[in-house]
Amino acid sequence: DRAGGLILVNSGSRHEAKYLSGISHFLEKLAFSSTAQFGSKDEILLTLEKHGGICDCQASRDTIMYAVSADTRGLDTVVNLLADVALQPRLSDEEIEMTRMAIRFELEDLNMRPDPEPLLTEMIHAAAYRGNTVGLNRFCPVENTDKIDREVLHSYLRNYYTPDRMVLAGVGIEHEQLVECAKKHLLGAEPVWGSGQTRDVDRSVAQYTGGIVKVEKDMSDVSLGPTPIPELTHIMIGLESCSFLEEDFIPFAVLNMMMGGGGSFSAGGPGKGMFTRLYLNVLNRHHWMYNATSYHHSYEDTGLLCIHASADPKQVREMVEIITREFILMAGAVGEVELERAKTQLKSMLMMNLESRPVIFEDVGRQVLATNTRKLPHELCALISQVKSTDIKRVVTKMLHKKPAVAALGDLTDLPTYEHIQAALSSKDGRLPRMYRLFR
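Keep in mind that this is a model prediction, so the values were computed, not measured. (Residues numbered from 1 in each chain as written. Predicted model: local features only at pLDDT ≥ 70, side-chain atom pairs only at ≥ 80, totals over all residues. Heavy atoms only, no water.)

Overview of the pattern of salt bridges
Scanning the entire structure with this criterion turns up 20 salt bridges. A salt bridge links Asp301 to Arg14, with the nearest nitrogen and oxygen atoms 2.6 Å apart. One end of the pair, Asp301, is in the loop between β8 (289-298) and β9 (303-311); the other, Arg14, is in the loop between β1 (2-9) and α1 (23-30), and 287 residues separate them in sequence. On the basis of relative accessibility, which here comes to 21%, the residue Asp301 falls in the partly exposed class. Bridged by salt links that share partners, the residues Asp248, Asp391, Arg394 and Lys398 form one connected network. (Salt bridge = Lys/Arg side-chain N within 4 Å of Asp/Glu carboxyl O. Helix = DSSP H or I, 4+ residues; strand = E, 2+ residues; numbered from the N terminus. Buried < 20%, exposed > 50% of the residue type's maximum accessible area, 1.4 Å probe, protein only.)

Pasting the structure below:
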């Protein structure tokens, strides 16, 4: 029998406005290094090994999660380790130097990867929330890697790693057992940075600005190999949706499923989403498009519904118009069959995901951090079942009144202007304004 524990902290790159950008990236990489009780990462791994355990840390824009999974008999060890890792890290000079090297390597890799999705996600957030909260950089800027040291980290941790911003969650264990362990290892625990008065806690609410972020880049050398990937231009267009605390969150989740999409080379099969709109209307009709995928990013005070598409640089204008038209069509008729299919697919994805421990952890932790309660899977499924086509139309109509956020990467010679993209999204049919060339 396995049990797992997790500490979720309401701390992420969105809280770094008054600090050096990149602190959360450092904390994620430094997690499970030496602590007050454990001399090194190896010692932690050996302790976990005795209980068949594994550990992981993931930072996002608004949370950082320390997770440990082991057999049930090791519950005390798990909570003790989590408390030590979160509150008593040594952050030695050597560990910080190693982290600097790891981050520099990761940043180089990010720019060289054939899959630009992580980079585009950064760009679309920067465009949608210019200079604030979830628009702040999730990755440490290269110029900050040498500036972040133990003192900087401690001043940040003092403000954000406080009891009111933490949730301890458990899976596969009795609630009382978890409470006992929490009392033993976390109640009254003094963190290594001291428990002085918190000063600069950033409670800013996300301000959606819309806008465009462009990176002109030669993508022809991204994959040099026996079968090079053709040079592509990538576009992501997004509009503000809503936070995961609002009722409209469920209709947006259904809409995202209905749009679906993926790459033009993925193999079909049941549940693969081959009947989603971005497959049927886009990839099946326009064979020159390499990718068309819908994403929904959601936070406690805002959300962003985006479509990512890629094609040959010569067809950028046409590709942008295809995306803007799909956005406008979202507000049109929604077929009963496609709506039911999207709802069923969302429910089955929810249930499938909740089979996996890390997802349950994050689900419990995030819900409790934001609302102090947790909606159970069957409650969520009931809400999904209630979504009607009128709900989709209502949330889309509201969304289309916002300014778009645009991220563009690659050869952008034929990219329409931001004003033209905005005009297309305000039009009846989603078409870009015609450009008439005058020849003398």
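Points about the sheet that holds strand β2 (residues 54-59)
The strand order across the open sheet built from four strands is β2-β3-β1-β4, with neighbouring strands paired in antiparallel fashion. In the strand order of this sheet, the two ends are held by β2 and β4 (166-171), each with one partner. Recorded for the sheet is a direction-independent mean angle of 15° between the axes of neighbouring strands. Looking at chain direction, β1 and strand β3 (residues 64-71) are connected through eight bridges and run antiparallel. Residue pairing in the sheet places Val9 in a bridge with Ile64 of β3. (Pairing = 2+ DSSP bridges. Axes fitted to C-alpha atoms, helices over the stretch in contact; angles between N-to-C directions.)

Here we look at unusual backbone geometry
One non-glycine residue, Phe32, lies in the positive phi region at around 60°. Judged by relative accessible area, Phe32 falls into the buried class, the value being 3%. Positive phi, normally seen in glycine, also occurs at Leu91, with a value near 50°. Assignment of secondary structure puts Leu91 in the loop between α3 (75-87) and α4 (93-112).

Quick word on the UniProt feature "domain: Peptidase M16 N-terminal" (unreviewed entry) in the protein
Following the UniProt record, one finds the feature "domain: Peptidase M16 N-terminal" (unreviewed entry) at residues 7-141. Annotation note: span residues 7-141, helix share 47%, strand share 13%, distance between end C-alpha atoms 27 Å. (UniProt positions renumbered as here; feature names shortened; annotations may be inferred.)

Topic: α3
Between the first and last C-alpha of α3 there are 18 Å, a value that for 13 residues agrees with the 18 Å anticipated at 1.5 Å per step. Of all 13 residues making up α3, 11 are buried, and the element is well covered by its neighbours. Restricting attention to buried positions, one finds in α3 the residues Leu75, Val78, Val79, Asn80, Leu81, Leu82, Ala83, Asp84, Val85, Ala86 and Leu87. On the buried face of α3, the contacting elements are β1, α2 (41-50), β3, β4 and α7 (175-185). (Expected span 1.5 Å × (residues − 1). Contact = heavy atoms within 4.5 Å.)

Re the sheet that holds β8
Taken together, six strands build an open sheet; the order of strands is β5-β10-β6-β9-β8-β7 and the sheet is mixed. Each of the sheet's edge strands pairs with one partner strand only, and the pair in question is β5 (211-216) and β7 (261-263). Neighbour to neighbour, the strand axes of the sheet diverge by 20° on average, direction disregarded. Both strand β6 (residues 233-240) and β9 contribute to a ladder of eight bridges, which runs antiparallel. Bridge pairing in β9 places Ile235 opposite Ala309.

Description of the nonpolar core
Formed by 59 residues in total, the largest nonpolar core has its most connected members in Phe32, Tyr66, Leu153 and Tyr161. For Phe32, the residues in contact, after removing those within four places along its chain, are Lys41, Ile44, Cys55, Asp56, Cys57, Tyr66, Ala67, Val68, Leu81 and Val85. By size, the runner-up hydrophobic cluster in this structure holds 53 residues, among which are Ile250, Ala309, Leu412 and Ile421. (Core = buried A, V, L, I, M, F, W, Y, C linked by side-chain atoms within 4.5 Å.)

Structural notes on the pairing of β9
The element β9 is extensively covered by neighbouring structure, given that nine of its nine residues are classed as buried. Burial along β9 is two-sided: Gly303, Leu305, Ile307, Ala309 and Ala311 facing one way and Leu304, Cys306, His308 and Ser310 facing the other are all buried. Alignment of β8 against β9, held across nine bridges, turns out to be antiparallel. Across the sheet, Thr293 pairs through a bridge with His308, a residue of β9. Where β8 folds back on β9, the antiparallel hairpin that results is connected by four residues.

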